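Chain by chain, the residues:
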Amino acid sequence: MSKSPVAPKVGNLNDLLAVAYQIEIDAVERYRLLADQMEIHNNPELVKIFRDLARAEGIHGEEIRRLAGDFDVVAHAREMAKFAKGESPEEADLSTAHYLMTPWHALQLSLAGEERALAYFTSIVETAKDAKVKELAGELMEEEAEHVNLVHRLLRKYPEPSKTWADDLDPPQSLE
Amino acid sequence: MTMNVEARAYKQADYKSDVKPIWCPGCGDYHVLMSFTRAFAQLGLPPEEVVVVSGIGCSSRIPAYTNCYGFHGVHGRSLAIAAGLKVTRPDLTVVVASGDGDGYSIGGNHFLHACRRNVDMTYVVMDNHIYGMTKGQPSPTTEPEFDTALSPGGTKVRPFHPLVVALASGANFIARCFSGDPNQTADVLAEAIKHPGFSFVEILSPCVTFRPDERAWKEQVHPAPVAETSDQGKAARRLMTDDGFNIGILYRGTRAPYQPAAGKADIDLSELEKDFEL
């Protein structure tokens, strides 16, 4: 319904850490779910891609946790890092999944998430009043920009499939 | 003795089982499962105090994917099972999961009387306007012109209006959600669970395999233009003129839930059995 997220209010450095952590954790959850779906539907190439993406996002989440030091970023995220209406920026849109989807489709999902995250941290850099928040948001923004570039590089390896990618010789609509 | 017991904070993961869903990729029911676990975590319900009851169909697989107690019941009979459970164990949180075929066709009669009885439980119908599990037959909410090999030229039958039926039958809480907005759906589910009496939540949940056109729902749904009401007359007018895509809590009634007084039966079962001896 609402694709532009109503983001949680970031008032200080701890809030930003919590939101950044939650964004990564939400992405991990979605990629794992997509990997499970592809496993059930016997699309092993996509299982690997989604598991790799989940692992990468999980590493980013752990990095943020380390950055937070003694501060309990997990508890704080649970309390305040809720995208009230719509989705967390890096959550892949499950409704676009298809059992015959290709690596190109998976990377498109990933690209959309990274671009949303980039836009989100850019908006914090532009609006934050606290210098420390602005500085960390700037670093996160740069990281997301790197991720966007990385996905673009990967997309060179996996070009867009032909228009018949969803054709199934044994389709589920066998009564049609 | 004073005990210092801290309330445990539950995570979504605490409500998920190890069973992997076998729904089609892209199915709205994945989001609904997510909303269930978010709502339970939001309310801090201990998983062992929640029961998810279902009937038959794609949507009815949901109890297996949660870590709560579950009952995968008979086609259309989930409400009867759930009502029996809730009046016997009012301490439990009972959530019933169904689909438009299971809930409005095979279980249509149970739906009416569950609304009427107003037992304190939450009924979630994942409506995709089709029988998905049995390969795409029209359901009670399928549009009259929906034309397939299984319904050539469409059924030409007026669709069932579940929200109006629920209101007329006495449901105490009525809401509509869209599966693609799991956070909002979780918030509505949490409200439905908290509200005393029979809460009915219809969730538009696209079937991407047999109704790929329903992918467009995410562009069609919109927040209900008016705030919820507790006035049945107002609710009836609003629901009757509803476009089918108004999202949010639409009616919140004030009827007291049905709960029979606890107590032992005044007759011994073995005595009763004697009357039926052949």
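Just above, that's the structure.
Here's a quick rundown of the structure. (Residues numbered from 1 in each chain as written. Chains lettered and ligands numbered in written order. Predicted model: local features only at pLDDT ≥ 70, side-chain atom pairs only at ≥ 80, totals over all residues.)

Describing the overall build of chain A
Piece 1. Looking only at helices and strands, chain A has 5 helices and 0 strands in total.
Piece 2. In sequence order, the secondary structure elements of chain A are arranged as α-α-α-α-α.
Piece 3. Principal-axis analysis of the C-alpha atoms places the extent of chain A at approximately 60 × 30 × 30 Å.
Piece 4. With 176 residues in all, chain A has 38% of them scored as buried.
Piece 5. Across chain A, the fraction of contacts at a sequence separation of at least 24, relative to all contacts at a separation of at least 6, is 77%. (Helix = DSSP H or I, 4+ residues; strand = E, 2+ residues; numbered from the N terminus. Buried ≥ 20, exposed ≤ 12 C-beta atoms within 10 Å, placed from the backbone. Contact = placed C-beta atoms within 7 Å.)

Overview of the packing of helix 1 (residues 29–43) of chain B against helix 6 (residues 182–194) of chain B
All names here are of chain B.
Piece 1. Interhelical geometry of helix 1 versus helix 6 gives an angle of 50° and a closest axis separation of 8 Å. In terms of orientation, helix 1 and helix 6 fall into the oblique class. Handedness of the helix 1/helix 6 crossing: right-handed. Within the contact between the two elements, helix 1 uses His31, Met34, Ser35, Phe36, Arg38, Ala39, Gln42 and Leu43 and helix 6 uses Pro182, Thr185, Ala186, Leu189, Ala190 and Ile193.
Piece 2. Looking at the contact of helix 1 with helix 6 residue by residue, the class counts come to 9 nonpolar, 4 polar and 1 charged. (Axes fitted to C-alpha atoms, helices over the stretch in contact; angles between N-to-C directions. Parallel < 35°, antiparallel > 145°, perpendicular 65-115°, else oblique. Left-handed = near helix turned anticlockwise from the far one by under 90°. Nonpolar A, V, L, I, M, F, W, Y, C, P; charged D, E, K, R; others polar.)

Some thoughts on the nonpolar core
Piece 1. Ranked by size, the top nonpolar core spans 111 residues in total, and within it Val96 and Ile174 of chain B carry the most contacts.
Piece 2. At 15 residues, the largest contribution of residues to this core is made by helix 1 (residues 13–40) of chain A.
Piece 3. Leaving out residues up to four positions away in the same chain, valine 96 of chain B has contacts with Val53, Ser54, Ser78, Leu79, Ala82, Met121, Thr122, Tyr123 and Val124 of chain B. (Core = buried A, V, L, I, M, F, W, Y, C linked by C-beta atoms within 7 Å.)

Regarding unusual backbone geometry
Piece 1. In this model, asparagine 42 of chain A sits at a positive phi of 55°, which is unusual for a non-glycine residue.
Piece 2. Tracing the backbone shows asparagine 42 of chain A in the loop between helix 1 and helix 2 (44–67).
Piece 3. Of note in the backbone geometry, asparagine 118 of chain B takes a positive phi value of approximately 65° without being a glycine.
Piece 4. For asparagine 118 of chain B, the position within the fold is in the loop between helix 4 (108–117) and strand 4 (121–127).

Looking at the sheet that holds strand 5 (residues 173–178) of chain B
All names here are of chain B.
Piece 1. Taken together, the 8 strands give an open sheet; going across it, the order is 2-1-3-4-6-5-8-7, and neighbouring strands pair in mixed fashion. On the outer flanks of this sheet lie strand 2 (69–72) and strand 7 (222–223), each paired with one strand and no other.
Piece 2. Here 5 bridges tie strand 3 (residues 93–99) to strand 4, and the two strands are oriented parallel to one another. Across the sheet, residue valine 96 finds its bridge partner in strand 4, namely tyrosine 123.
Piece 3. Running over the sheet, helix 5 (residues 162–169) touches strand 4, strand 5, strand 6 (198–204) and strand 8 (246–252) and is turned about 165° from strand 5. (Pairing = 2+ DSSP bridges.)

A few points about the pairing of strand 1 (residues 50–54) of chain B
Residue and element names in this part refer to chain B.
Piece 1. Counting buried residues in strand 1 gives 5 out of 5 residues, a clear majority hidden from the surface.
Piece 2. Covered by surrounding structure in strand 1 are Val50, Val52 and Ser54 together with Val51 and Val53, the residues of both alternating faces.
Piece 3. In this sheet, strand 3 lies alongside strand 1 in parallel orientation, the contact comprising 5 bridges. What sits directly across from serine 54, in strand 3, is alanine 97.

Here's the deal with the environment of leucine 79 of chain B
Residues and elements named next belong to chain B.
Piece 1. Structurally, leucine 79 can be placed in helix 2 (residues 78–88).
Piece 2. By the C-beta count within 10 Å, which is 27 here, leucine 79 ends up buried.
Piece 3. For the pair leucine 79 and histidine 110, spaced 31 residues apart in sequence, the C-alpha to C-alpha distance is 6.3 Å.
Piece 4. Beyond its immediate sequence surroundings of up to four residues, leucine 79 is in contact with Val96, Gly107, His110, Phe111, Ala114 and Tyr123.

Section: the interface of chain B and chain A
Piece 1. At the interface, 26 residues of chain B touch 22 residues of chain A.
Piece 2. Partitioned by chemical class, the residues of the side of chain B that touches chain A number 12 nonpolar, 9 polar and 5 charged.

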